[in-house]
Amino acid sequence: MGFDYSTPAIIKWQLDNFMDVIDEFESIFADTVHHKVCVGQNYETILLHIVGKSMVTVREILTLCAHGYPDGALSLGRNLYEQMIVISFFEMHKDDVDFQEYVDDFFLNYEVQRNKCFRDIDRYIPDDGRTALEVEWENLKKHTKRKLHGDYWWTNHNSFSELVEHIMQGQTDKCMYKFWGVHYMRYKRACIALHAGCMGNSIRIGSNTASNVVDTSPSVYGQSTPLVYAAVSLIAIVGVACSTFQIDNTKHLASLNELAVFYQKQEKGDICE
């Protein structure tokens with residue numbers, strides 16, 4: 001259905017077209033998955049949750065772009081990229097004999113994150129639950145297939161950058177290796193936009209403002225970077241989801257590829273920093 005209003009950015013960046021693709025895919029995906037997925041501790045459920053989160057995130061990105069806030073859109077684009085990396089990891093290892101162990105640890109990471117969060121809070125707001133949290137932590141360590149070290153322990157890697165490197169090293173095609181490298185570069189730029197720091201606070205996508213001027217106005221320019229980031233990430237997410245659930249993705253992937261090419265052509269001249 002696209003947007004029910006119009007802005008200069010919606011027209012310039014073909015955001016109605018992008019939203020239409022998302023709406024149509026989501027409708028077909030929902031109708032198909034309803035009959036095929038048995039929700040449980042399995043890879044299909046992981047994909048279901050990734051697709052659901054990604055559809056929400058891309059709508060948020062398109063809404064920010066429609067109103068002239070590409071930096072915020074790029075920050076959200078990090079999540080789509082991270083979803084793509086997670087899917088890529090599972091796809092690389094889905095034929096491994098221990099694949100289900102990765103799936104089990106991925107789900108167990110929910111409890112690991114929850115426990116870490118409450119133990120961190122307890123450092124500053126202590127209560128009588130600390131002993132129980134420590135007991136729970138020791139119990140979690142007994143049930144994991146891998147060591148609980150780092151946020152991406154369930155992949156056997158300590159950090160997201162290590163996981164990305166693992167994915168890239170698995171690429172035998174030089175063009176694909178370069179593709180992953182360029183996309184990781186966008187991820188690093190998104191990190192700059194998200195974090196509070198001198199660089200992140202000083203530069204804005206689509207703006208060439210002098211450093212002594214604080215410009216808070218929305219811009220019709222700069223949206224190409226978060227949009228190509230979103231489109232490329234979705235191509236991978238939609239492609240894997242459709243393949244897994246046997247959905248014809250020809251139309252959706254063709255539309256996303258057209259949008260990605262359009263945004264990529266605009267990207268070099270669109271970023272002014």
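A short tour of the structure in this document, coming up. Predicted model only: the values in this text are computed from it and were never measured.

## Some words on the packing of helix 4 (residues 70-93) against helix 5 (residues 99-124)
Taken N-terminus to C-terminus, the directions of helix 4 and helix 5 make an angle of 155 degrees; their axes are 9 Å apart at the nearest point. Relative to helix 5, the element helix 4 is oriented roughly antiparallel. Between helix 4 and helix 5 the crossing geometry is left-handed. Where helix 4 approaches helix 5, its residues Val86, Phe89, Phe90 and His93 are matched on the opposing element by Phe99, Tyr102, Val103 and Phe106.

## Describing the environment of glutamate 111
Its location among the elements puts glutamate 111 in helix 5. Taking C-alpha positions, glutamate 111 is 43 Å from threonine 7, a pair spaced 104 residues apart along the chain.

## Quick notes on the packing of aromatic side chains
Counted according to the given criterion, the structure contains 24 aromatic pairs. With 5.3 Å between their ring centres and 45 degrees between their planes, tyrosine 43 and phenylalanine 90 make a pair best called tilted. With a gap of 47 residues between them, tyrosine 43 in helix 3 (residues 43-66) and phenylalanine 90 in helix 4 connect regions that are remote in the sequence. Just as tyrosine 43 is buried, phenylalanine 90 falls in that class too.

## With respect to the side chain of glutamine 223
Within the element layout of this structure, glutamine 223 appears in the loop between helix 9 (198-202) and helix 10 (224-244). Within the structure, glutamine 223 has its side chain in polar contact with the backbone oxygen of serine 219 (distance 3.0 Å).

## Some thoughts on the nonpolar core
Judged by nonpolar contacts, the single largest core of 75 residues is most densely connected at Leu15, Phe18, Tyr43 and Phe90. The element that contributes the greatest number of residues to this core is helix 10, accounting for 13 residues. What leucine 15 contacts, discounting residues up to four positions off in sequence, is Phe3, Ala9, Ile10, Leu62, Cys65, Ala66, Leu227 and Tyr263.

So, how was this worked out
- Residues numbered from 1 in each chain as written.
- Predicted model: local features only at pLDDT ≥ 70, side-chain atom pairs only at ≥ 80, totals over all residues.
- Heavy atoms only, no water.
- Axes fitted to C-alpha atoms, helices over the stretch in contact; angles between N-to-C directions.
- Helix = DSSP H or I, 4+ residues; strand = E, 2+ residues; numbered from the N terminus.
- Parallel < 35°, antiparallel > 145°, perpendicular 65-115°, else oblique.
- Left-handed = near helix turned anticlockwise from the far one by under 90°.
- Contact = heavy atoms within 4.5 Å.
- Phe/Tyr/Trp six-rings, centres within 6.5 Å; stacked < 30°, edge-to-face > 60°.
- Buried < 20%, exposed > 50% of the residue type's maximum accessible area, 1.4 Å probe, protein only.
- Polar contact = N/O pair within 3.5 Å; in protein donor to acceptor, adjacent residues only side chain to side chain.
- Core = buried A, V, L, I, M, F, W, Y, C linked by side-chain atoms within 4.5 Å.

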